[in-house]
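The primary structure of each chain is shown beneath.
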There are 4 protein chains.
Amino acid sequence: MARGINKVILVGNLGQDPEVKYMPSGNAVTNVTLATSDTWKDKQTGQPQERTEWHRVVFFNRLAEIAGEYLRKGSKIYVEGSLRTRKWQDQSGQDRYTTEIVASEMQMLDGRGGDSNMGGQQGGYANQDPMGYGQPAQQASRPAPQQSRPQNQAPAQQQPQPAAGFDDFDDDIPF
Amino acid sequence: MARGINKVILVGNLGQDPEVKYMPSGNAVTNVTLATSDTWKDKQTGQPQERTEWHRVVFFNRLAEIAGEYLRKGSKIYVEGSLRTRKWQDQSGQDRYTTEIVASEMQMLDGRGGDSNMGGQQGGYANQDPMGYGQPAQQASRPAPQQSRPQNQAPAQQQPQPAAGFDDFDDDIPF
Amino acid sequence: MARGINKVILVGNLGQDPEVKYMPSGNAVTNVTLATSDTWKDKQTGQPQERTEWHRVVFFNRLAEIAGEYLRKGSKIYVEGSLRTRKWQDQSGQDRYTTEIVASEMQMLDGRGGDSNMGGQQGGYANQDPMGYGQPAQQASRPAPQQSRPQNQAPAQQQPQPAAGFDDFDDDIPF
Amino acid sequence: MARGINKVILVGNLGQDPEVKYMPSGNAVTNVTLATSDTWKDKQTGQPQERTEWHRVVFFNRLAEIAGEYLRKGSKIYVEGSLRTRKWQDQSGQDRYTTEIVASEMQMLDGRGGDSNMGGQQGGYANQDPMGYGQPAQQASRPAPQQSRPQNQAPAQQQPQPAAGFDDFDDDIPF
DNA sequence: TTTT
DNA sequence: TTTT
């Protein structure tokens, strides 16, 4: 239930591959940064200008898993969510704040994973249907991203990587 | 021109009276904090829970003047805008970041000013047409709200109050 | 699951009291018309112009019951939903189409019921908690609005009023 | 100026090539139909279901020209706009209503024109920069769509095609 | 009529 | 750090 409206709608591109972490409960939490940009012409000089805004987006649970599996650096997505400002302490104990978009809906706007220049070394996520549409696409081999993080398919065995607690998945820099 | 979509929609109530400042150019900049809240029942205990989110909203130019004149602590408004994260330095020279909603549209959702506990001394807000609807607004004398900030009608003479530069209207706390 | 985005956001006022109907399943369906308006100045004459847009909004299930109980002619609400165009046949058997907003979220933006000219006989809306916020709502007896439609609390006994089938709750005029 | 909020956000694919018309003033008006769809599983049978919603979107002026030049059947776009229901008379003189989304913003979400299976026979729109970003893409030859409509670049000479008046660009069927 |  |  909500009192007031707190809604964010973004369409942008991922700055890096998603970072998936798991909470003690086994629920996934995935963080991505999303770029949107404005371009305009300087009134004085007529020079084209550009400002890129970086948004910190966080996905939970099922969306987190989909994001972790299917999004890559460069992926273009639609995200709907709400703003949340978290308070945390930096190394020196000072209060700091980070504003994130907690995603409630996500759609991939490009079929490709995004960054296509990622080598060919890996296992592949073939035959998947991320968003739950239709039947398991025919696509033979989708190259897996270069990643050291655990495979999301097997959250149980990602033990060695200490599961992140809900309140420590923030680092001490905003992004 | 935009690349990507960066859109925020909020409906909430002001935490305090707006803070209006003027840029050297004479353009107004108004900051408000807006509360939205979520309520839910704790799954374990069934206890009602509430979390209030505070949004930092900034208005420029004409919207800034309307906001400064007509909004008050408690006012309920609709705001549409975009996210912008500003970088600034705290006292110790450390980089810090604040995320704001730069408003592109605003609508007042209650006729009254909002804050009902502002004493009984002043005249009310009769005969006003803040958003430009309605009849040509004969309003000879618009009653001023209780405020120590300069009257927006006369930004030129608000000199004594040192005009805020565009990049110093951030304090060293997020809100 | 959605392919694409189909989202509508409205803030406006109800043109009449809501019309609540019940499907054979006992589920409520409530229709309202919502006004939004644009005002501008004619470029030639400088005369203020106004155009009011009427939106047909439909609520289902719990939202339908809340709408039926708490909204009145004049109520200001926020509605979020999606567009749906229904096909139907007019008296002469011709295909016709009506576009509606199927609401997924609704918030009341004024405490009062809206229509203040609803006679003076009834007790007001005290002790209510329409949207489910706040404390368990002691409300012994919720005063009924002036309505000939069945009480939503007891859909089962609203028999005499022939329950509307899902596909006949459209009349032969758009609104 | 607006009273109330009337906002639509769509992400979908064009059902056909855009239809560009010109008003007597020379201003362009472009109509497209946009598909969004919902998929779900039938609760009883577990069968996957799909419902496609078709939206009638209208662009004016500069957006109309961009839409006419760069969008094609199949193009995926983001559209933001407002709802407008137009009244018109069918052949038999009966009042009918059509609801459209009047676009205020549009972004193309795929680089390609959309329908790629359109042969290579014609003149091409190479070296253009539709949305005003960056420098005129390198792309040598973009195949032009199969269309009988006039080239938008030369609205003046599209005479033979009788210019559509503002109020006759509706046909007698909704889409 | 689109798309996956 | 993305994208065109």
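The numbering scheme is per chain: residues are counted from 1 as the chain's sequence reads. Following the order in which they are written, the chains are lettered starting with A and the ligands numbered starting with 1. Per-residue local features of the predicted model are confined to residues with pLDDT of at least 70, and side-chain atom pairs are confined, for both listing and counting, to 80 or more; whole-chain, interface and lining totals are unaffected and use all residues. For the side-chain quantities, the full set of heavy atoms in the structure was used; hydrogens and water were omitted.

Draft legend 1. How the structure looks around the interface of chain A and chain B. Taken together, the contact pairs 29 residues of chain A with 30 residues of chain B. When a carboxyl oxygen of Asp or Glu is within 4 Å of a side-chain nitrogen of Lys or Arg, the pair counts as a salt bridge. Taken together, the connections running from chain A to chain B amount to one salt bridge. Here E50 of chain B and R3 of chain A are joined by a salt bridge, their closest N and O atoms 3.7 Å apart. Polar contacts, as counted here, are pairs of nitrogen or oxygen atoms within 3.5 Å of one another; within protein the pair requires one atom able to donate a hydrogen and one able to accept it, and residues that are adjacent in sequence qualify only if both atoms are side-chain atoms. Linking chain A to chain B there are twelve residue pairs in polar contact (both at pLDDT 80 or more). Here a helix means four or more residues in a row that DSSP labels H or I, a strand means two or more in a row labelled E, and each is numbered from the N terminus. For the side of chain A that touches chain B, the secondary structure elements donating two or more residues are β1 (2-3), β2 (5-14), β4 (28-41), β5 (48-60), β6 (76-89) and β7 (95-108) of chain A. Considering each element in turn, the side of chain A that touches chain B owes the most residues, seven residues, to β2 of chain A. For this scheme, ten residues count as nonpolar: Ala, Val, Leu, Ile, Met, Phe, Trp, Tyr, Cys and Pro. Four count as charged, namely Asp, Glu, Lys and Arg, and the remainder, Gly too, count as polar. Each residue belonging to the side of chain A that touches chain B can be placed in one class, and the counts come to eleven nonpolar, nine polar and nine charged. In what follows, residue pairs with any heavy atoms lying within 4.5 Å of each other are defined as contacts.

Draft legend 2. Structural detail: the protein's contact with DNA strand F. Around DNA strand F lies a shell of twelve residues, among which Q16, A35, T52 and W54 of chain A together with R3 of chain B are the nearest. Near, as used in this document, describes a residue that has one of its heavy atoms within 4 Å of the molecule or strand being considered. Restricting attention to atoms of DNA strand F within 4 Å of the protein, one finds that 40% of them are sugar or phosphate atoms. In this structure, L14 of chain A approaches DNA strand F through a main-chain N or O atom, which is 3.4 Å from a sugar or linking oxygen. Residue Q16 of chain A places a side-chain N or O atom 2.4 Å away from a base oxygen belonging to DNA strand F. Looking at the surface near DNA strand F, the elements that each hand over two or more residues are β2, β4 and β5 of chain A.

Draft legend 3. Examining the side chain of R72 of chain A more closely. Residue and element names in this part refer to chain A. Locating R72 in the fold gives a position in the loop between α1 (61-70) and β6. Working definition: with a 1.4 Å probe on protein chains only, accessible area under 20% of the residue-type maximum means buried, over 50% means exposed, and in between means partly exposed. Counting rule applied: Lys, Arg positive; Asp, Glu negative; His and chain ends not counted. Buried within the structure, R72 lacks any salt-bridge partner; D17 is the closest side chain of opposite charge, at an N-O distance of 4.8 Å. Polar contacts involving the side chain of R72 include one to the main-chain carbonyl oxygen of E69, which spans 3.0 Å.

Draft legend 4. Structural detail: the relation of the copies chain A and chain B. All copies are superposed by least squares; the fitting set is the C-alpha atoms of residues with a pLDDT of at least 70 in both. Expressed as a screw transformation, the operator carrying chain A onto chain B has a rotation angle of 180° and an axial translation of 0.0 Å, and the superposed copies differ by an RMSD of 0.1 Å. Put plainly, the chains are arranged around a two-fold axis. In terms of C-alpha distance to the rotation axis, chain A has V8 of chain A as its closest residue, with the C-alpha 2.2 Å off the axis. Mapped onto chain B, 100% of the interface residues of chain A are again interface residues, and the two copies thus contact each other with one and the same surface.

Draft legend 5. Quick look at the protein's contact with DNA strand E. Neighbouring DNA strand E are twelve residues, the closest being R3 of chain C together with Q16, A35, T52 and W54 of chain D. Within 4 Å of the protein, the contacting atoms of DNA strand E are drawn from sugar and phosphate to the extent of 40%. Backbone polar atom of L14 of chain D to a sugar or linking oxygen of DNA strand E: 3.4 Å apart, as the coordinates give it. Between DNA strand E and T52 of chain D, the relevant distance is 3.0 Å, taken from a base oxygen to a side-chain nitrogen or oxygen of the residue. Of all elements in the fold, only β2 (5-14), β4 (28-41) and β5 (48-60) of chain D reach the threshold of two or more residues within the surface near DNA strand E. Tallied by class, the residues present in the surface near DNA strand E amount to four nonpolar, six polar and two charged.

Draft legend 6. Representation of the environment of K43 of chain D within the structure. All names here are of chain D. Among the secondary structure elements, K43 is positioned in the loop between β4 and β5. Assessed through its relative accessible area of 84%, K43 is described here as exposed. Taking the C-alpha atoms as reference, K43 lies 38 Å from G4; in sequence the two are 39 residues apart.

Draft legend 7. Structural context of unusual backbone geometry. All names here are of chain A. Not every positive phi belongs to a glycine, and N61 is a case in point at roughly 55°. Mapping N61 onto the fold places it in helix α1. Classification of N61 as partly exposed rests on a relative accessible area of 40%.

Draft legend 8. Inspection of helix α1 (residues 61-70) of chain C at higher detail. Residues and elements named next belong to chain C. Most of α1 sits out of view: seven of its ten residues are buried. For α1, the set of buried residues is L63, A64, I66, A67, G68, E69 and Y70. Where α1 is buried, its residues touch β3 (19-22), β4 (28-41), β5 (48-60) and β7 (95-108).

Draft legend 9. Local environment of the nonpolar core. In terms of nonpolar packing, the biggest core is built from 46 residues, with F59 and V79 of chain C together with F59 and V79 of chain D touching the most fellow members. Apart from the residues lying within four places of it in its own chain, the contact partners of F59 of chain D are A28, V29, T30, V32, A64, A67, L71, I77, V79, A103 and M106 of chain D. In this structure, I66 and I101 of chain A together with L14 and Y22 of chain B belong to the second largest nonpolar core, which totals 45 residues. To form a nonpolar core, buried Ala, Val, Leu, Ile, Met, Phe, Trp, Tyr and Cys residues must be joined to one another through side-chain atoms within 4.5 Å.

Draft legend 10. Region of interest: the pattern of salt bridges. For the structure on display, the rule yields 34 salt bridges over all chains. E100 of chain A is the partner of R86 of chain A in a salt bridge, and the nearest nitrogen-oxygen pair spans 2.8 Å. Separated by 14 residues along the polypeptide, R86 of chain A in strand β6 and E100 of chain A in strand β7 bring together distant segments of the chain. Side by side, R86 of chain A and E100 of chain A carry an identical accessibility label, which is buried. Ionic pairing is found between R56 of chain C and E100 of chain C, a salt bridge with its closest N-O pair at 2.9 Å. Linking R56 of chain C in strand β5 with E100 of chain C in strand β7, this pair joins segments that are 44 residues apart in sequence. Of the two residues, R56 of chain C and E100 of chain C, neither departs from the other in class, the shared state being buried. One connected set of salt bridges, linked through shared partners, spans K7 and E80 of chain A together with K7 and E80 of chain C.

Draft legend 11. Expanded view of the pairing of strand β2 (residues 5-14) of chain B. Among the ten residues of β2 of chain B, nine are classified as buried, and the element is accordingly described as predominantly covered. As paired strands, β2 of chain A and β2 of chain B are joined by seven bridges and run antiparallel to one another. What sits directly across from V11 of chain A, in β2 of chain B, is I5 of chain B. Judged from the six bridges that link them, β2 of chain B and strand β6 (residues 76-89) of chain B form a sheet pairing that is antiparallel. At least two DSSP bridges between two strands are needed for those strands to be called paired.

Draft legend 12. A look at the confidence of the model for chain A. Residue and element names in this part refer to chain A. pLDDT is a residue-level measure of predictor confidence that goes from 0 to 100. Counting all residues, the mean pLDDT for chain A is 74, and 63% of those residues have values of 70 or more. Below a pLDDT of 50 lies the segment residues 112-127, which in the model reaches 35 contacts outside its immediate sequence neighbourhood of four places, other chains included. Under a pLDDT of 50 for its full length, residues 135-175 has, in the predicted model, 80 contacts with residues more than four places off or in other chains.

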